[in-house]
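# Observations on chain architecture
What follows is each chain in one-letter form.
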Amino acid sequence: MNKPPSRWSAEAELQVQFFDLDPMQVVWHGHYVKYLEVARCALLDTIDYNYVQMKDSGYAWPVIDMHLRYIDSATFGQRLKLRAEIVEWENRLKIDYLITDAASGRRLLRGSTTQVAVDMLTREMCFVSPAVLFQKLGISP
């Protein structure tokens, strides 16, 4: 089932490199986390709130939860399409991911990450997302 495009989504592409392979000649499972980071940064750039802007706003946004569902293996030289979409923002920043084969659209991985705002001065977790996130998303809290 295809979802309509979100106004808070982004895509990136990359080609699987030899150094990402395991002894079985497929991408080692841990490297998919790096691929999610590529997609997440592309997404955060679209709202002008990537890690430099987060730090400048006084908040760190650590990942506190991550879920990955491996569907198929990526191989050397394969072009991957990485998609990230913001699905929650009120009390945390939850991003859903989809990694597919760029040529065929075949699904390789679904995942999600959850990040929370932490006040950098007090090092306390915020139970409501700070106003700056709503501002970057173009909505009212």
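Our structure is the block above this text.
Below: a short report on this structure.

Rules used in this analysis
- Residues numbered from 1 in each chain as written.
- Predicted model: local features only at pLDDT ≥ 70, side-chain atom pairs only at ≥ 80, totals over all residues.
- Heavy atoms only, no water.
- Helix = DSSP H or I, 4+ residues; strand = E, 2+ residues; numbered from the N terminus.
- Buried < 20%, exposed > 50% of the residue type's maximum accessible area, 1.4 Å probe, protein only.
- Contact = heavy atoms within 4.5 Å.
- Areas by Shrake-Rupley, 256 points an atom, 1.4 Å probe, with all protein chains shown as cover.
- Lys, Arg positive; Asp, Glu negative; His and termini not counted.
- Charge placed at Lys NZ, Arg CZ, Asp CG, Glu CD.
- Salt bridge = Lys/Arg side-chain N within 4 Å of Asp/Glu carboxyl O.
- Pairing = 2+ DSSP bridges.
- Patch = residues over 30% accessible without salt bridge, like charges linked within 9 Å, V, L, I, M, F, W, Y side chains within 5 Å.
- Core = buried A, V, L, I, M, F, W, Y, C linked by side-chain atoms within 4.5 Å.

## Quick word on the overall build of the chain
Helix and strand content of the chain: three helices and seven strands. Starting at the N terminus and ending at the C terminus, the chain contains elements arranged as β-α-α-β-β-β-β-β-β-α. Structurally, the chain occupies a C-alpha span of about 45 × 30 × 20 Å along its principal axes. Across the 141 residues in the chain, those meeting the buried criterion constitute 40%. A separation threshold of at least 6 residues defines the contact pool for the chain, and within that pool the share at least 24 residues apart is 65%. In the form shown here, the chain has an accessible surface area of approximately 8,200 Å², with 55% of it arising from carbon and sulfur atoms. For the chain, the distance from the average site of its 16 positive side-chain charges to the average site of its 17 negative ones is 3 Å.

## Considering the pattern of salt bridges
Tallying each qualifying case throughout the model produces nine salt bridges. We note a salt bridge from R83 to E11, for which the minimum N-O separation is 3.8 Å. Here the residue R83 occupies a position in strand β4 (residues 79-88), and E11 occupies one in strand β1 (residues 9-15), the gap between them amounting to 72 residues. Among the charged side chains, a salt-bridge network with shared partners connects E11, K81, R83 and E85.

## Overview of the pairing of strand β6 (residues 107-115)
Among the nine residues in β6, seven count as buried, and that is most of the element. Across eight bridges, the pairing between strand β5 (residues 93-101) and β6 is antiparallel. The partner of K94 across the bridge, within β6, is T114. The turn linking β5 back onto β6 is made up of five residues, and G105 within it adopts a positive phi angle of 85°.

## Points about the side chain of T100
For T100, the location among the structural elements is in strand β5. Apart from residues no more than four positions distant in its own chain, T100 is found in contact with R79, L80, K81, G105, R106, R107 and L108.

## Description of a nonpolar patch on the surface
The grouping of V33, V63 and M66 at the surface amounts to a nonpolar patch, some 190 Å² of accessible area in total. On the secondary structure map, M66 appears in strand β3 (residues 63-70).

## Examining the nonpolar core
Within the largest apolar cluster, 35 residues are counted, with the highest numbers of intra-cluster contacts made by Y35, L80, I86 and I99. Contributions of two or more residues to this core are made by β1, α1 (31-46), β4, β5, β6 and α3 (131-137). Counting residues per element, this core draws most heavily on α1, which supplies six residues. Not counting chain neighbours up to four residues away, the residues in contact with L80 comprise A12, E13, L14, V16, Y35, A74, I99, T100, A102 and L108.

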